[in-house]
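# Analysis of the macromolecular model
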Amino acid sequence: MLNASQKLAVEHPGGPVLVLAGAGAGKTRVLTQRVAHLIELQRVSPSRILVVTFTNKAAREMKERLIGLIGQSAVDRLWIGTFHAICGRLLRQEIYRLNYTSSFVIYDTEDQEKLMREVLSALDLETKQARTWLRQVSGLKNRGLLPHAFRREATEFHELSLAKIYDLYQERLARNNALDFDDLLLLTLRLLEEQPDLRERWQNHFLHVLVDEYQDTNRVQFNLLRLLSQKNRNIFVVGDVDQSIYSFRHADFQIILGFQADYPESAVIKLEQNYRSLKPILSAANTLIDYNRDRFDKTLRSTRGEGLPLQYYQARSEYQEADFVVHQVHQLLERGHALGDICVLYRTNAQSRLFEERLIRQRIPHQLIGAFRFYERKEIKDILAYLRVLNNPLDDLSLKRILNIPKRGIGAKTQQGLERQAEREGLSLWDTLSSPACLVNLPGKARTAIQSLMEWLKGLREKPPETVAELIQQVYTGSGYAQELQKGDPGETEERENHIESLIQAAREYQESLPEGILAGFLEQIALMSDIDGLKAEGRLLTLMTIHAAKGLEFPIVFVTGLEEGIFPHNRAIAAEENGEDGPIEEERRLMYVAMTRAQDVLWLTHAQQRTFYGAPQYQQPSRFLEELEKHLPQVAAPVSEPAPALSRLSEIVDTPLPSQSLVEGCQVYHAQWGEGRIEKITGSEKRKIVIVAFGNGIGKRILDLASAPLERIWT
């Protein structure tokens, strides 16, 4: 059943609509029901509806829900996906107008950095600054500036240098028939702006445009939506300015604030009933976000009723904070909670280490979102490079990678000479390697190896296997890669073989979901994948993640850690505030609001009095957000089974010692210096307990004072 506000949004007759959907207010339900309403009651063809999301996860969830509402056939005809996926799909049909082929590849971050280093080297600039220049180029693209447009406005020395770099970077991308992530949007916008016939065709095609997470749009995305919906003006956007946290990705929350000015005839509908969190959590979140000025007036109301007040813990150090959180995890498990119920959030990835170390020691299964990604592993990147060359022979970057992987006797000097020759003659590397005249001066072994490789690659292109999975298997064995792996460490070889088998399975799953899928589509799906797509949903793992990564997720129990000035809010925001700029602090507060509203039942807020920076301990001031939430923090964490003291003023809070982790005779423990051991005996008084621990690795028995010994129980 829809509530009154949801029903009003779903059944709106048409025209511009802004749905202000608070956290947990059922926005996905509204969007999917709106699509079903358009198809079933307004008789709109599914192929004429565009639904734009910000994550692959959100797109998948919408598709799954829509299958139950309108059926698989109708869902398959919808245009539904992320901005990048939608633009990629459109470009496959239209990019020939910009002199690319439809087999273009999408360069990931590593490939972009490699290409930028080549550009900097060609311009005799320091290659170590590749990431910095890439960020600046990305900033220009997200402003909608093409190289020639930026060149006209560049005046200062740095800007002129950036203009040269941007120009050559785009030239090299085009030569490789490649795009970076920003190009997917920028080139689509360029086509719509510069080609009136194409613009009119797509404007006529899309009768309705629906947008999720509108608060996170940037200017290029805004202009894309504006152009596509300009004719029919049926633009239905859902968002919440209080959850706009991606300015570092060029998101501009002023876009959602200006929706009514952009569309004066628009309807505004507020969704304020929250179906996720208990009342104390929402009450505190409402209090916090009310300190922000740039927002719509909106107050979330819980449909779930009362619950536990916010929980709070002040640790002496970051080490004790991590110990405390892990101890609380044990307590929660003993009370019957599943690991998947629990999420530990932090402001930056650097804060994850202490939590992860303790979870590993205590053998608590967990997942770290944002860690080393599957598709960034060397063996996977190598096989994907082969696939990208087979899909797009103009991709010089991928061809360079595979030329001597596995080793074929083609040395670095030979390769560099071939690259210079290609550059000198204006040829692609593929054409150079295919030309006998270009290979005539090479050593015999290198020439034979190149000719053999090119013959094999061309054979695969001319007569490819029926499926992508079979193609990967052929690449793996036919390239010599499988044999090369066998020369390595047996344990490492097995792990890498398993990774490649996982890649083959991913290809099988791709074609099971899309039987007509082709290699280009598989490569595009991988390129657009994000960390959050790896999030396990089975409920068997505790989750560690940044707050930015947690957007859109929910957990019964959430720990928000590191609530200290300079950590959260971040130092950069505090520095901006000191210079008279309030925007960054307001975004930090929105980030805190997002963190709090991930919690369904229990919300813990923790911080440390002291934290180590560059090897030296430093006193930490509690975050201003704790002060703003003071009236919602009625108790301090205390040892289990002891009543917690009441909290009257934040300044009166004192840290509480950790309990002895339920250490008993016979239990396994971990010691920072001596490793794992077993407690054989516990003696002494309540005030001073002594333990005898038997350690392995030849260390033997040790007598330790529990008050000072760094022992952690290993839970099995």
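Residues numbered from 1 in each chain as written. Predicted model: local features only at pLDDT ≥ 70, side-chain atom pairs only at ≥ 80, totals over all residues. Heavy atoms only, no water.

Going by the annotation in an unreviewed UniProt entry, the name recorded for the protein is DNA 3'-5' helicase, with bacterium given as the source organism. Of the comments in the UniProt record for the protein, the one headed Sequence similarities (unreviewed entry) reads "Belongs to the helicase family. UvrD subfamily." (UniProt positions renumbered as here; feature names shortened; annotations may be inferred.)

For the rest of this paragraph, the subject is the pattern of salt bridges. The full count for this structure, using the stated rule, is 52 salt bridges. Of the charged contacts, one joins Arg-172 and Glu-423 as a salt bridge, the two residues approaching to 3.6 Å between their closest N and O atoms. Taken together, the positions of Arg-172 in helix H9 (residues 157–175) and Glu-423 in helix H20 (residues 412–425) put the pair 251 residues apart, joining distant regions of the chain. As a salt-bridge pair, Glu-680 and Arg-678 come within 3.8 Å of each other at their nearest N and O atoms. (Salt bridge = Lys/Arg side-chain N within 4 Å of Asp/Glu carboxyl O. Helix = DSSP H or I, 4+ residues; strand = E, 2+ residues; numbered from the N terminus.)

Attention shifts here to the domain arrangement of the protein. Taken domain by domain, the protein comprises domain 1 (4–94 + 186–271), domain 2 (105–176), domain 3 (301–372 + 535–632), domain 4 (374–528) and domain 5 (667–713). Computed from C-alpha atoms alone, the centre-to-centre distance between domain 2 and domain 4 is 27 Å. Together domain 2 and domain 4 conceal approximately 1,300 Å² of surface at their shared face, both sides included; 42% is due to carbon and sulfur atoms. Linking domain 2 to domain 4 there are seven salt bridges. The salt bridge involving Arg-401 is made with Glu-110; its shortest N-O contact spans 3.3 Å. At the boundary of domain 2 with domain 4, the tally comes to seven residue pairs in polar contact (both at pLDDT 80 or more). (Domains from an automatic or database assignment. Buried area = accessible area lost by both parts, 1.4 Å probe. Polar contact = N/O pair within 3.5 Å; in protein donor to acceptor, adjacent residues only side chain to side chain.)

Once that is clear, we can look at the packing of aromatic side chains. In this structure the tally under the stated criterion is 14 aromatic pairs. Centre to centre, the rings of Phe-54 and Phe-83 are 5.4 Å apart; their planes meet at 70°, and the pair counts as edge-to-face. Note that Phe-54 is positioned in the loop between strand S2 (49–53) and helix H3 (56–70) and Phe-83 in helix H5 (residues 83–94), a separation of 29 residues in sequence. Using a relative accessible area of 27% as the deciding quantity, one classes Phe-54 as partly exposed. Taking the centre distance of 3.6 Å and the plane angle of 5° together, the rings of Tyr-313 and Phe-324 count as stacked. In this pair, Tyr-313 is assigned in strand S11 (residues 311–317) and Phe-324 in helix H16 (residues 318–334), connecting sequence segments eleven residues apart. Neither Tyr-313 nor Phe-324 differs from the other in exposure class; each is buried. Linked through ring pairs, Tyr-313, Phe-324, Phe-559 and Trp-604 together constitute an aromatic cluster. The ring of Trp-79 has Arg-89 sitting right over it, with the charged end atom 3.7 Å from the ring centre. Stacked on the ring of Phe-222, the Lys or Arg Arg-219 has its end atom at 5.6 Å from the ring centre. (Phe/Tyr/Trp six-rings, centres within 6.5 Å; stacked < 30°, edge-to-face > 60°. Buried < 20%, exposed > 50% of the residue type's maximum accessible area, 1.4 Å probe, protein only. Lys NZ or Arg CZ within 6 Å of the ring centre and 35° of its normal.)

The peptide bond linking Ile-405 to Pro-406 adopts the cis configuration, its omega dihedral lying at 0°. By secondary structure assignment, the location of Pro-406 is in the loop between helix H19 (396–402) and H20. Looking along the chain, the bond that leaves Phe-568 and enters Pro-569 is cis, with omega of 10°. With respect to the helices, strands and loops of the structure, Pro-569 is situated in the loop between strand S15 (555–560) and helix H29 (571–578). Positive phi is not limited to glycine here, since Arg-43 has a value of about 60°.

On to the packing of H5 against helix H10 (residues 181–194). The interhelical angle for the contact between H5 and H10, taken along N-to-C directions, is 55°, at an axis separation of 9 Å. Of the possible angle classes, the one that applies to H5 and H10 is oblique. Our pair here, H5 against H10, has a crossing hand that is left-handed. Across the interface between the two elements, Phe-83, His-84, Cys-87, Gly-88, Leu-90, Leu-91 and Glu-94 from H5 touch Phe-181, Asp-183, Leu-184, Leu-185, Leu-187, Thr-188 and Leu-191 from H10. Among the residues making up the contact of H5 with H10, the classes are represented as nine nonpolar, three polar and two charged. (Axes fitted to C-alpha atoms, helices over the stretch in contact; angles between N-to-C directions. Parallel < 35°, antiparallel > 145°, perpendicular 65-115°, else oblique. Left-handed = near helix turned anticlockwise from the far one by under 90°. Contact = heavy atoms within 4.5 Å. Nonpolar A, V, L, I, M, F, W, Y, C, P; charged D, E, K, R; others polar.)

Residues of helix H11 (residues 196–205) that are buried: Leu-198, Trp-202 and Gln-203. Along the axis of H11, the buried residues cluster in a sector spanning 130°; they form a single face. Against the buried residues of H11 lie strand S3 (79–82), H5, H10 and helix H12 (219–229). (Arc of directions from axis to C-beta.)

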